[in-house]
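# A structural walkthrough
The primary structure of each chain is shown beneath.
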Amino acid sequence: MAMEDEVGGTVWDGSRYLIVRPENGGFRDLFRFLVSADGAAGSKFLECSHEGFDTDEAELLGGGGGGGGGGGVTPDHRWVIFVSIIVRKIISVLGKPMEWVGYFVEFLLNLLSLNGNLLGLLRNLFRGKVLIPQRDSETFISAIGHLDGRIDLFKNEVFVEENGEPASATRGIQLDIGNQALMDLCMMASKLAYENANMHFVDFYNCWNDYQQERSTQVFILCDKPKDANLILISFRGTEPFDADDWSTDFDYSWYEIPKLGKVHMGFLEALGLGNRAKTSTFQEHLQVKNTRFTSSNSVHGTAGHSEGSQSLSSSASSEEKQSKGVREEKQLMPEMAEMTAYFAVKTKLKSLLKEHKNAKFMVTGHSLGGALAILFPTVLVLHEEEEMMQRLLGVHTFGQPRVGNRQLGRFMEPHLVHPVPKYLRVVYCDDLVPRLPYDDKTFLYKHFGTCLYFNSLYIEQKVNEEPNRNYFGILYLIPDYLNAAWELIRSFAMGYMHGPEYKESWESILLRIVGLAVPGLSAHSPTDYINSVRLGRERTIQMSSL
């Protein structure tokens, strides 16, 4: 499948992949595939490479050879594919309505907050002084921001306790990996990534996503100090509540196999701008070591927005010229617009910052989909043999992250993120649905790796290899899931009394808890519970390296 090139990198002479395409068949085909294991019906939904497959994949593809099929899939596996396709079909149908509802909900939430909630809005309406929210303005807050309005690290008692004094904007952060203070910083940064570019006083990138075919992969970078920084933090935006494509990506089971590395979730690679399933050869072009400056497959990368006044993160003109020259020197087709993919944009900026701040190390973080991109970013750095950059990696903290690849991927990254010193923490709250996706079994092969910090609904921490109910749909967990959702709703009314006004839940968060009564695990994905887990969590025993 692969051979070594003259510089020690890997060159593909073929590719292995599986693409689940819910749009290629109807409900009748799907029903035939589920009930009678009809291979012809299955082949409409499953597309695979023409390379040889191992036993499990052959079983999935009907004994299979190239092109797909479905006759050999066991009932359990057919059911998983069926559920995935049904969910993605529903999401596809609801895509536009979800977008419209999202615009309306966010507009309404911001209208209420700008005018002092309902009574203030009525008062301003009577006076003719209603404040109208403007999307992409500094005052416009996302739905995630309304679910949890906390933005201030300084009220975190743990930070003060561990550092001996209140935090300040100019102090360098001298923290141990895995402690509450740094985890709190990462979680708050993960939440901030959902906001628009005008909310950030840092470098903010809105990059091209090959899966969604639009600029929808958002990431920002900040330093703890303008000069001589100790910490560079990279935060990827996660799944937006009303973005159908984001949710479809989470439920997608398509993968692309990278020699040596293993099988990686195709949608997440596309979100980083590292390929396009419409032309699978683009994954090879982007990922092989000899070509690490490739363009997006349809010649649009994304845009990088730079907030005014960011001293610690502004690039010099000469640096930009060198970058542009370096890209032009690649003998590849270049886009008319000099725009960048998320992976390339962040990698280029990070190199510049590491050169500027000699003593700095960097952290990567993200919530939900952002967590998946956060762990894949250093993974691709390792693949591209960026050894000097990886030596400056302090760690990766993810929150509610879905699975990104198979067990081979975990084994490949263990020497870099797990041994000899753990650098990768995967935080999971209770019944959160997203970390249980995509499905984990012998056919789909999606596996978590690294250290999992699991918090139950009492915010008690356990260090585990895998969260309980790893595939979410387990019958034994059905009743406990619903009971727990009811408990979380009751608890939401008492949080402010139990732990102080900082923990009082917003009415928006309480409404989401009510929705969670119908879909347990959905409300548990909210950043609210992850912030509470970090700040209120007990039995914290993990020991890791220091900055």
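Provided above is the structure to which this section pertains.
Small disclaimer: the values here were computed from a predicted structure and weren't measured.

## Thoughts on the environment of A518
In this fold, A518 is placed in the loop between α19 (507–516) and α20 (527–536). A518 sits in the exposed class, given a relative accessible area of 55%. Through-space distance from the C-alpha of A518 to that of Y482 is 8.0 Å; in sequence the pair is 36 residues apart.

## Quick look at the pairing of strand β13 (residues 424–429)
Most of β13 is tucked away: 6 of the 6 residues are buried. Residues Y424, R426 and V428 of β13 are buried on one face, and the alternating residues L425, V427 and Y429, pointing to the opposite face, are buried as well. Of the pairings in the sheet, the one linking strand β12 (residues 393–399) to β13 comprises 4 bridges and is parallel in character. From the neighbouring strand, T398 faces β13, where its bridge partner is R426. When β13 meets strand β14 (residues 451–455), the two strands line up parallel, connected through 5 bridges. Residue pairing in the sheet places L425 in a bridge with T451 of β14.

## Topic: the environment of G370
Position of G370 relative to the elements: it lies in helix α15 (residues 369–383). Filtering out sequence-adjacent residues up to four positions away, G370 remains in contact with F236, R237, G238 and T365.

## Considering the packing of aromatic side chains
Here a ring pair, both rings aromatic, is described through the centre-centre distance and the interplanar angle of the planes. If you walk through the whole model with that rule in mind, you get 7 aromatic pairs. Arranged with centres 6.4 Å apart and planes meeting at 70°, the rings of Y429 and Y530 form a pair that is edge-to-face. Highlighted residues: Y429 in strand β13 and Y530 in helix α20, separated in sequence by 101 residues. Assigned by exposure class, Y429 and Y530 land together as buried. Cluster of aromatic residues (ring-pair linked, three or more members): F399, Y429, Y459 and Y530. Positioned over the ring face of F27 is K89, at 5.5 Å from the centre of the ring. Its guanidinium or amino end placed over the ring of W255, K263 lies 4.6 Å from that ring's centre, counting from NZ or CZ.

Cut-offs used in this document
- What you see as residue numbers is a count from 1 along each chain, following the sequence as written.
- Note on the predicted model: pLDDT of at least 70 is required for a residue's local features to be given, and 80 or more for side-chain atom pairs to be given and counted; whole-chain, interface and lining totals, by contrast, use all residues.
- The basis for the side-chain values is all heavy atoms of the structure; hydrogens and waters are excluded.
- Helix and strand assignments come from DSSP, with helices taken as H or I runs of at least 4 residues and strands as E runs of at least 2, each series counted from the N terminus.
- Three labels apply to residues, based on accessible area from a 1.4 Å probe with only protein chains included: buried if under 20% of the type maximum, exposed if over 50%, partly exposed otherwise in between.
- Here, any two strands with at least 2 DSSP bridges between them count as paired.
- Contacts between residues were defined by any pair of non-hydrogen atoms, one from each residue, lying within 4.5 Å.
- A pair of Phe, Tyr and Trp rings is counted when the ring centres sit within 6.5 Å of each other, with Trp represented by its six-membered ring. The angle between the planes then sorts it: under 30 degrees is stacked, over 60 is edge-to-face, the rest tilted.
- Over a ring means this: the NZ of a Lys or the CZ of an Arg is within 6 Å of the ring centre and within 35 degrees of the ring normal.

Keep in mind that these numbers describe shape and distance, not what the molecule does.
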